[in-house]
Amino acid sequence: MQFKSFAELNQLAETRNTSLLDIIIATERKEQDIARDELIAQVKVHLEAMYQAIEEGKSKRIKSQGGLLDGETWKVKESITKGQQQWQSSLYNRVVIAALATAEVNASMGKIVACPTAGASGILPAVLVGLSEEFDLQEQCQIESLITAAGLGKIVAEEATLSGAAAGCQAECGVGSAMAAAAAVQLLGGAKEEIIQGFTLSLKNLLGLVCDPVAGLVEVPCVKRNAFAATHALTAAQLALSGVKSVIPPDEVVTAMSQIGDLLPPSLKETATGGLAATATGKNLAEKILGKANQR
């Protein structure tokens, strides 16, 4: 990478008097040895897959592979259709539905885009698609914001981790929410510093989030967590666009995330032996699911 930190990325953009997007594209083109049009075409495929997953999740009542969830997206859609959620904005409703829809498609073994992981796959698409539909944003803008979000997420991947097994869900839904916040700020016309601040504010406030999947499945609490993390990203974007900044610099936040991940016990890092997975209900559900699997 031409940059290995947020400070380096920002410095390059300032020195060259250009955007974060241009630096990230130049870096990716060099690493892949491809033309800009080819890179854009690659990302367009991912964007289309995000839309497809959302539409699939919205179009039918999905039961998760492990049977722990049954039509969460459908329930929310029905509630909104019946006028029971008029206290929420249309953008908020769009984002919640899209996040649940994608996460449910993932939980039913459907096709999604890992961004940055499968367990966090509903967050960035929900914010990106929700804002784009709400404000009728062009496809090119969506692709560009997706590239910027990916570039910032890659810094975390290089300097820390994106693995729930290594650092808990702060590395999955935490980073996913941060990427979504960055994409949102760019889509809404934010400046370089505001984009980075959106990412930082979102990640900082999800530090310590554990990975405790019931029965070891990406269903509970993962699916609903995607919806919460997506709305969290909108809050971070609002703060950043208002000029609110993280007191702790982004690179130090990433370091803190890594250190917290090291401090988390194995029981809270995707092993399904702690947290919600270790509750009485969690254990009972795991036994039932395991029993059914053994009978097949």
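First, a word on scope: everything that follows refers to the structure included in this document. (Residues numbered from 1 in each chain as written. Predicted model: local features only at pLDDT ≥ 70, side-chain atom pairs only at ≥ 80, totals over all residues. Heavy atoms only, no water.)

Glancing now at the pattern of salt bridges. According to the stated counting rule, one finds 12 salt bridges in the structure shown. When the shortest N-O distance is used, the salt bridge between K154 and E28 registers 3.4 Å. Placement of K154 in helix 7 (residues 139-159) and of E28 in helix 2 (residues 20-32) is noted, with a sequence separation of 126 residues between them. K154 gets classed as partly exposed once you look at its relative accessible area, which sits at 23%. In this structure, the salt-bridge partner of R225 is D212, at a minimum N-O distance of 3.9 Å. (Salt bridge = Lys/Arg side-chain N within 4 Å of Asp/Glu carboxyl O. Helix = DSSP H or I, 4+ residues; strand = E, 2+ residues; numbered from the N terminus. Buried < 20%, exposed > 50% of the residue type's maximum accessible area, 1.4 Å probe, protein only.)

With that out of the way, let us pick up unusual backbone geometry. Look at the link from C115 to P116: it is a cis peptide, with omega at 5°. Of note, P116 is situated in the loop between helix 5 (90-107) and helix 6 (123-135). Here M109, not a glycine, exhibits a phi torsion of approximately 70°, which is positive. Mapped onto the secondary structure, M109 falls in the loop between helix 5 and helix 6.

Here the focus is the environment of S90. Topologically, S90 is positioned in helix 5. Looking at S90, the relative accessible area reads 41%, which means it is partly exposed. Put simply, S90 and G130 are 40 residues apart on the chain and 9.1 Å apart in space, counted from C-alpha to C-alpha. At a separation of 2.6 Å, a polar atom in the side chain of S90 contacts the side chain of E134. (Polar contact = N/O pair within 3.5 Å; in protein donor to acceptor, adjacent residues only side chain to side chain.)

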